[in-house]
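# Chains, contacts and geometry: an overview
Residue-level listing of the chains:
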Amino acid sequence: MRHRWIALVLISVLFLAACGDDSDAPYDIDELPDGTDVSRGEEIFKNGGKAGPACASCHRLDGTDTAAAPSLKGFANRADDRVDDLSAWEYAFTSILTPGEHLVAGYGNAMYGNYGDDLSKQEVADVIAYLLTLDE
């Protein structure tokens, strides 16, 4: 029974890794709109957009890391310093649209890789604005 469970976990990880996309983002960060709606970003984070999984499917906000993804509690406090020469806004953008580019230690590229196709530019901007409110 234990071997079946391990096999199921390994198959799931391989499937999720195959969903990740290391290709270039479908559009540039400069194409995002200036105005954002944090509450809409929170809704997308928790419930997802028109397609693809909700961010909250894997990321927690309470400081608990999951096997699939690190917690995003305090994201706004860490994002500006995660990657040299990237602002918090740029890091969040890259993490959403090209999730394999900057991996958190201990995690592979298991994040869904089609948010750039599934979310509008406005929705991506709204999610980023929401992430940057997560300071505790």
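Residues numbered from 1 in each chain as written. Predicted model: local features only at pLDDT ≥ 70, side-chain atom pairs only at ≥ 80, totals over all residues. Heavy atoms only, no water.

Before going further, it helps to spend a moment on the state of the cysteines. Counted under the stated rule, the structure contains zero disulfides. Between cysteine 55, a free cysteine, and cysteine 58, which holds the nearest cysteine sulfur, the sulfur-to-sulfur gap is 9.1 Å. (Disulfide = S-S within 2.5 Å.)

Turning next to the packing of helix H4 (residues 88-97) against helix H6 (residues 121-131). H6 packs onto H4 with a crossing angle of 125° between their chain directions and a minimal axis gap of 10 Å. Relative to H6, the element H4 is oriented oblique. Between H4 and H6 the crossing geometry is right-handed. For the pair formed by H4 and H6, the contact residues are Trp89, Ala92, Phe93, Ile96 and Leu97 on the first element and Val124, Ala125, Val127, Ile128, Ala129 and Leu131 on the second. Within the contact of H4 with H6, the residues separate by chemical class into 11 nonpolar, no polar and no charged. (Axes fitted to C-alpha atoms, helices over the stretch in contact; angles between N-to-C directions. Helix = DSSP H or I, 4+ residues; strand = E, 2+ residues; numbered from the N terminus. Parallel < 35°, antiparallel > 145°, perpendicular 65-115°, else oblique. Left-handed = near helix turned anticlockwise from the far one by under 90°. Contact = heavy atoms within 4.5 Å. Nonpolar A, V, L, I, M, F, W, Y, C, P; charged D, E, K, R; others polar.)

Here the focus is the environment of glycine 74. Checked against the element boundaries, glycine 74 lands in the loop between helix H2 (38-47) and helix H3 (75-82). Assessed through its relative accessible area of 8%, glycine 74 is described here as buried. Setting aside residues no more than four positions away along its own chain, glycine 74 makes contact with Leu134, Asp135 and Glu136. (Buried < 20%, exposed > 50% of the residue type's maximum accessible area, 1.4 Å probe, protein only.)

Our focus in this paragraph is the packing of aromatic side chains. All chains considered together, the criterion is met by three aromatic pairs. Here phenylalanine 45 and tyrosine 130 contribute two aromatic rings whose centre-to-centre distance is 5.5 Å and whose plane-to-plane angle is 55°, an arrangement assigned as tilted. Highlighted residues: phenylalanine 45 in helix H2 and tyrosine 130 in helix H6, separated in sequence by 85 residues. Seen in terms of ring centroids, tyrosine 112 and tyrosine 115 are 4.9 Å apart; in terms of plane orientation they differ by 70°. Their pairing is edge-to-face. Here the two residues tyrosine 112 and tyrosine 115 agree in accessibility, since each one is buried. (Phe/Tyr/Trp six-rings, centres within 6.5 Å; stacked < 30°, edge-to-face > 60°.)

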